[in-house]
Each structure stands twice: as C-alpha cells, then as structure tokens.
Amino acid sequence: MKENGNNFLVLGAIFCGLVAAVHIGCAIFGGDWYRVLGAGEQLAEMSEQGHWYPPVITLVIASIFIIWSLYALSGARKILRLPFLRTVLCIISAVFIFRALAFLIIMPLFPGNSLAFWIVSSGICFGIGALYTIGLVRAWPQLSAKSA
C-alpha cells in the first residue's frame, strides 16, 4: 500500500467491521453475549425476555460501525469515493477519540455497564480513533475534492 494512510485506514476499517460483527452477535445470540461484553444486566434481561429494544439499538450501532468502516475503506481508496469523505472521516476520528477520553462523563448515563466494559471499550475506541486520525492525516492530500 502507498504511504498515504492506507494501512491505518484499512486497519481502522477492519476493526470497525469487527466491532460491528460483535454487535450483530449480541443481537443474534442475546443475553449471554450482552453480559459477557459488559453491556449490563438490564439489557441482557430485556433481550432474554424478547424485548425489541436490545436487538434494534444493537443493530443500529452495528450499522453505524459498518458505515464508518466503508468510509475508512473509501479514504484508503479501496472502494469508490463516498460523499463528504474528508469531513466524515474527521467526524469519525473525533467521535472515537471523544468517546475514549470522555468515558468518565458518559458512565453515569449508562449505570448498568460494568467498569470493565468502560475501560475495554474506551481503549478500543482510542485505538480505532488513533488509526483513523493517523490515516486521515497521512491521506489528507489525496482526499481533496480535486483528487477524487
């Protein structure tokens, strides 16, 4: 791959895809997966009771990660250029880094999630955010509208 950030963006895409797959696994396999992944007992119980909320919210989150993965692949020039590529990659990078660093502020909003969930998920968010950010910086010149 060229030295334009492709390696970082491709890795970011792969990890986003894996995160999406784990979320899809939760929606399919239910309560035990929610528990193991630290999403909280309330979500696990709702899933076991057949409530619509856990799989729907989980699949929405998975869809977001799939879209973000596609944007990374587009930035790495592995698929067609997606609209607003630079802007969206900047937003994705910022969201990942913010989520990683602001977990202490966000934790009280989701009291059912375990501390292990917050630490692990924040580390994952920081790692993926770093991949997107480094890839974006390295690929920036190739991402201009002129080079589309």
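For the structure, check the block above.
Residues numbered from 1 in each chain as written. Predicted model: local features only at pLDDT ≥ 70, side-chain atom pairs only at ≥ 80, totals over all residues. Heavy atoms only, no water.

A short note on the side chain of Asn 113
Put simply, the rule is: Strands here are runs of E lasting at least two residues and helices are runs of H or I lasting at least four, both read from the DSSP assignment and numbered beginning at the N terminus. Accessibility here uses a 1.4 Å probe with only protein chains present; expressed as a share of the type maximum, an area under 20% marks a residue as buried, one over 50% as exposed, and anything in between as partly exposed. Throughout, a residue-residue contact means that at least one pair of heavy atoms, one from each residue, lies within 4.5 Å.
Locating Asn 113 in the fold gives a position in the loop between α6 (103-106) and α7 (115-139). Under the relative-accessibility criterion, Asn 113 is labelled buried at 16%. Sequence-distant contacts of Asn 113, defined by excluding residues within four places in its chain, comprise Gly 38, Ala 39, Gly 40 and Trp 118.

Regarding the packing of aromatic side chains
Heads up, the rule is: Centres within 6.5 Å make a pair out of two Phe, Tyr or Trp rings, where for Trp the six-membered ring is used; the pair is then stacked when the planes are under 30 degrees apart, edge-to-face when over 60, and tilted otherwise.
This model, assessed by the stated rule, comprises eight aromatic pairs. Plain terms: the ring middles of Phe 65 and Trp 68 are 5.8 Å apart, the flat faces sit at 80° to each other, and that makes the pair edge-to-face. Remark: Trp 68 and Phe 65 occur in helix α4 (residues 53-75); sequence separation between them is three residues, near one turn of the helix. Across the pair, exposure class does not vary: Phe 65 and Trp 68 are buried alike. Ring geometry for Phe 117 versus Trp 118: centroids 5.2 Å apart, planes at 85°, classification edge-to-face. The buried category is assigned to Trp 118, whose relative accessible area is 3%. Put simply, the rings of Phe 65, Trp 68, Phe 96 and Tyr 132 pair up and form one aromatic cluster.

Things to note about α4
Inclusion rule: One less than the residue count of a helix, multiplied by 1.5 Å, gives the span that helix is expected to have.
Given a rise of 1.5 Å per residue, 23 residues ought to cover 33 Å, and the 33 Å separating the end C-alpha atoms of α4 matches this to within 8%. Pro 54, Thr 58, Ala 62, Phe 65, Trp 68, Ser 69, Tyr 71, Ala 72, Ser 74 and Gly 75 are the residues of α4 that are buried. Tucked inside the fold, the buried residues of α4 contact α1 (6-29), α2 (31-36), α3 (41-48), α5 (85-101) and α7. Downstream of α4 by a residue or two, Arg 77 has a phi angle that is positive, lying close to 60°.

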